[in-house]
Amino acid sequence: LQAQDSIYLSLSARIENDTLILNVHPVRFTDIVSCRFGIRYPYADLDYVRATGNPLLQGAAVSGNQQQIGFGWISGPPAPTTIPDFSSIAEFRFFIKNRVSPYCFDFDVAGLKPEMSNSQASGLPVSGIPLCQNFDVGTIIHHAFQRGLNGFAEWGKRCCCAIFCAAGHADAFHRRFE
């Protein structure tokens, strides 16, 4: 890597039933012999359950407590590892205690700033990209209006309407088809 190049870590999340699954995706994870990072999460709403590292990162260690989790890996014997861009290097699972939105995650953990080394240098530049993701898409409770909505729909026009309940208040969405 040249001085101006950075390794990037981005996050993606999805929900399956009562579990939020968070993946860490690298860019430029090339010839790496060690890495570490911490992730801060909304512990009031999520309980950390477990983590799985990429199979190429044999012996990766994960520690977790309220509010943060740490991930560390050192190749053994020191053999450089390359993981394709945007593959997952780690998957973290959380039990959803409170369904809120958005859920926010970042790499701002004291003593665990993202660090990586290759066979020629330690302390390579690493940038962690935080994630705030809104999962509250609402629940459809009604999908047919008998009258116009703010003048957008008229009697006799074909239209499709829905009301979503989200976070204790109703929002109306309307699409009109000509």
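Figured I'd write up the structure that's included with this text. Owing to the predicted nature of the structure, the values given are computational and were not obtained by experimental measurement. (Residues numbered from 1 in each chain as written. Predicted model: local features only at pLDDT ≥ 70, side-chain atom pairs only at ≥ 80, totals over all residues. Heavy atoms only, no water.)

## Notes on the sheet that holds strand E4 (residues 46–53)
Move 1: Taken together, the five strands give an open sheet; going across it, the order is E4-E8-E2-E1-E11, and neighbouring strands pair in mixed fashion. Each edge of the open sheet is held by one strand with a lone partner, namely E4 and strand E11 (126–128). Each strand of the sheet is rotated relative to its neighbour by a mean of 25°, with strand direction disregarded.
Move 2: Bridge count between strand E1 (residues 7–16) and strand E2 (residues 19–27): nine bridges; the pairing is antiparallel. Looking across to E2, one finds that Leu 9 is bridged to Pro 26. (Pairing = 2+ DSSP bridges. Helix = DSSP H or I, 4+ residues; strand = E, 2+ residues; numbered from the N terminus. Axes fitted to C-alpha atoms, helices over the stretch in contact; angles between N-to-C directions.)

## Some details on the packing of aromatic side chains
Move 1: Under the definition given, this model contains six aromatic pairs.
Move 2: An angle of 40° between the planes, with centres 5.9 Å apart, marks the rings of Phe 94 and Phe 105 as tilted. Of the two residues, Phe 94 is situated in strand E8 (residues 90–96) and Phe 105 in strand E9 (residues 103–105); the sequence distance between them amounts to 11 residues. Considered together, Phe 94 and Phe 105 belong to a single accessibility category, that of buried residues.
Move 3: A connected cluster of aromatic rings, assembled from ring pairs, spans Tyr 41, Tyr 48, Phe 94 and Phe 105. (Phe/Tyr/Trp six-rings, centres within 6.5 Å; stacked < 30°, edge-to-face > 60°. Buried < 20%, exposed > 50% of the residue type's maximum accessible area, 1.4 Å probe, protein only.)

## A look at the nonpolar core
Move 1: The biggest cluster of nonpolar side chains holds 31 residues, and the ones touching the most others in it are Leu 22, Phe 37, Ile 39, Phe 92 and Phe 105.
Move 2: For this core, the elements supplying multiple residues, two or more each, are E1, E2, strand E3 (29–40), strand E6 (68–74), E8 and E9.
Move 3: The greatest single-element share of this core, amounting to five residues, is contributed by E3. (Core = buried A, V, L, I, M, F, W, Y, C linked by side-chain atoms within 4.5 Å.)

## Here's the deal with the pattern of salt bridges
Move 1: In total, this model carries six salt bridges according to the counting rule given.
Move 2: Linking Asp 106 and Arg 40 is a salt bridge whose minimum nitrogen-to-oxygen distance equals 2.6 Å. You can see Asp 106 sitting in the loop between E9 and strand E10 (115–118) and its partner Arg 40 sitting in strand E3, a full 66 residues away along the chain.
Move 3: According to the relative accessible area criterion, Asp 106 is buried, its value standing at 18%.
Move 4: By relative accessible area, which is 29% here, Arg 40 ends up partly exposed.
Move 5: Of the charged contacts, one joins Arg 93 and Glu 91 as a salt bridge, the two residues approaching to 3.1 Å between their closest N and O atoms. (Salt bridge = Lys/Arg side-chain N within 4 Å of Asp/Glu carboxyl O.)

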